[in-house]
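# Structure at a glance
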Amino acid sequence: SNSPGGKRPQFGNRHLDDPSRVFQHNAWDNVQWSEEQESAAHKKVQENSVQPVPPEKQEEYENKASSFWDDFYTIHENRFFKDRHWLFTEFPELSSRSSTESQEGHAVQMNGFQEETEPGDVEDTFPGASATYRIMEVGCGVGNTVFPILQNNTDPGLFVYCCDFSSTAVELVKSNELYNPSRCFAFVHDVSDEQCSFPVPEHSLDVIVLIFVLSAINPAKMQNVISRLGSLLKPGGCLLLRDYGRYDMAQLRFKKGRCLAENFYVRGDGTRVYFFTQDDLDSLFVGAGLQKVQNSVDRRLQVNRGKQLTMYRVWIQCKYVKPHKTELQNGDCSSE
C-alpha cells in the first residue's frame, strides 16, 4: 500500500529502551507487549465478559443512546476534550497544503460539473456546494477537531461539515465563536439510522473523519454505517479513523456486568464503547469498497508519576481511500 504521503506513521518517537527510566516521562510510544502482558489482558477481558447485560437493558442503551450522550455533553460541555495537537501531523489531508494539491486534481471534474448546470445553480443545491474541498467529521462532539481544521486550513475552497447525534453537542458547536456558517455546517445526525439522510449528495466529499466515534456504535450496525459513508466520498477521497484498540487500558478496567457483546461495553454514564482489532476495521472498510493506505496500532505506555502507575493505551489509526473508476475492473455502469 504505497500511497501518496505513505511515509512512516508519525506516531511519537519517545521509546523506552531502559525500563528503569519508565517514570522519567509521562508517556512512551510504540511499546512492545510481552506475551505475558497479552495473555493477562486476554484473561481480564474473558473475566469481565462473563455476565453480559440482560437484553431488555441492552435495548434501552441502544434506544436512548443519544440522550446518554446529551447528558454527557451537558455535564462536561467543552471541558472534557482537549484540542487535538496530533491531528495535522497524522492526517495532513486536513491541512491547507493537501487541499491545494487536490484542488488542481478536482478542477477538471468541477468545470465539467459546472458546465452542465446553469451558473448560480450550484450555490443553493446544498450547503458548501461551491466548495472545492469538502471535509466531513462524523461524531464531532463539541468541535475539538472541527475548530482546529477551520483555524489551520486557510484554503478558500474549504467547506467543513460536522455532525453528532447529540443535539446538545451540535448546539455547543454552533454557539462557539469560531463557528462560521460560510465555511462550516453543523447538523444533528444519527449515522446508525439508515432512514436519516445526509445534507450532501453521494460522491461529494474529499475526506471523512471518524475520531473515537465508530466505537460508540452498535457493532451490528457498523458495516452499514461505513458503507453509507463510503458512498459519500469522491473517487480518490479518503476516510480517516482513530479509535480504541483491543486490550486498551479502558477495556481492561471494566468490571463484570458492563459487557454488552464481545468487546462492546456500557460505561457508568450509559455511553457505549467497542474495542477494535486491525482486522475488524479492515473488513469494515474493504467491505465498503475502500482500499487500505494505513492501518496501524499505536501502543502507548502512559505513566502516572505521582502514583507510580503504568497504564497501557492501544489506539488504531486508519486511512482508507475510495478507488477511482478506472481501478475498478468490470465496474457496474448502470448507476450512471
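Conventions adopted
- Residues numbered from 1 in each chain as written.
- Predicted model: local features only at pLDDT ≥ 70, side-chain atom pairs only at ≥ 80, totals over all residues.
- Heavy atoms only, no water.
- pLDDT = per-residue confidence, 0-100.
- Helix = DSSP H or I, 4+ residues; strand = E, 2+ residues; numbered from the N terminus.
- Contact = heavy atoms within 4.5 Å.
- Core = buried A, V, L, I, M, F, W, Y, C linked by side-chain atoms within 4.5 Å.
- Buried < 20%, exposed > 50% of the residue type's maximum accessible area, 1.4 Å probe, protein only.
- Pairing = 2+ DSSP bridges.
- Axes fitted to C-alpha atoms, helices over the stretch in contact; angles between N-to-C directions.

Scored by pLDDT, the protein chain comes out at a mean of 84, with 81% of its residues at no less than 70. Element-level mean pLDDT values for the protein chain span from 46 in helix α5 (residues 96–116) up to 98 in helix α11 (residues 278–287). Every residue in residues 1–9 is under pLDDT 50, and counting partners more than four places away or in other chains gives 5 contacts. Per-residue pLDDT stays below 50 along residues 102–122; that stretch engages in 13 contacts with residues further than four places along the chain or on separate chains.

As a further point, take the nonpolar core. With 42 residues, the main nonpolar core has Met 136, Val 138, Leu 214, Leu 229, Leu 281 and Phe 285 as its most contacted residues. Those elements giving two or more residues to this core turn out to be β2 (133–138), β3 (158–164), β5 (205–211), α9 (222–232), β6 (233–244), β8 (264–266), α11 and β11 (309–321). For Leu 229, the contacting residues outside a window of four places in its chain are Met 136, Val 138, Val 191, Phe 198, Ile 208 and Leu 210. Counting residues in each nonpolar core, the second largest holds 23 residues, with Phe 91, Leu 94, Tyr 133 and Ile 135 among its members.

Another point: the pairing of β11. Sheet analysis places β6 next to β11, joined by 7 bridges and oriented antiparallel. Directly across from Leu 241, in β11, lies its bridge partner Cys 318. Here strand β10 (residues 291–304) runs beside β11; their pairing, made up of 13 bridges, is antiparallel. In the strand pairing of β11, Val 297 is matched with Ile 316. What sits between the antiparallel neighbours β10 and β11 is a turn of 4 residues, in which Gln 308 has the positive phi angle 50°.

Right, let's get into the sheet that holds strand β9 (residues 272–274). The strand order across the open sheet formed by 3 strands is β7-β8-β9, and the pairing between neighbours is antiparallel. Each edge of the open sheet is held by one strand with a lone partner, namely β7 (259–261) and β9. Mean inter-strand twist for the sheet, computed between neighbouring axes without regard to direction, equals 30°. The sheet contact formed by β8 and β9 spans 3 bridges and is antiparallel. For Phe 264, the partnering residue across the bridge sits in β9 and is Tyr 274.

Strand order across the open sheet formed by 8 strands is β1-β10-β11-β6-β5-β2-β3-β4, with mixed pairing between neighbours. The open sheet has two edge strands, β1 (27–28) and β4 (184–188), and neither has a second partner. Two elements, β3 and β4, share 5 bridges in a ladder whose sense is parallel. Bridge pairing in β4 places Val 160 opposite Cys 184. Contacting β3 and β4, helix α8 (residues 167–174) runs over the sheet at an angle of about 160° to β4. Set on the sheet, α11 makes contact with β6, β10 and β11; between it and β11 the angle comes to about 20°.

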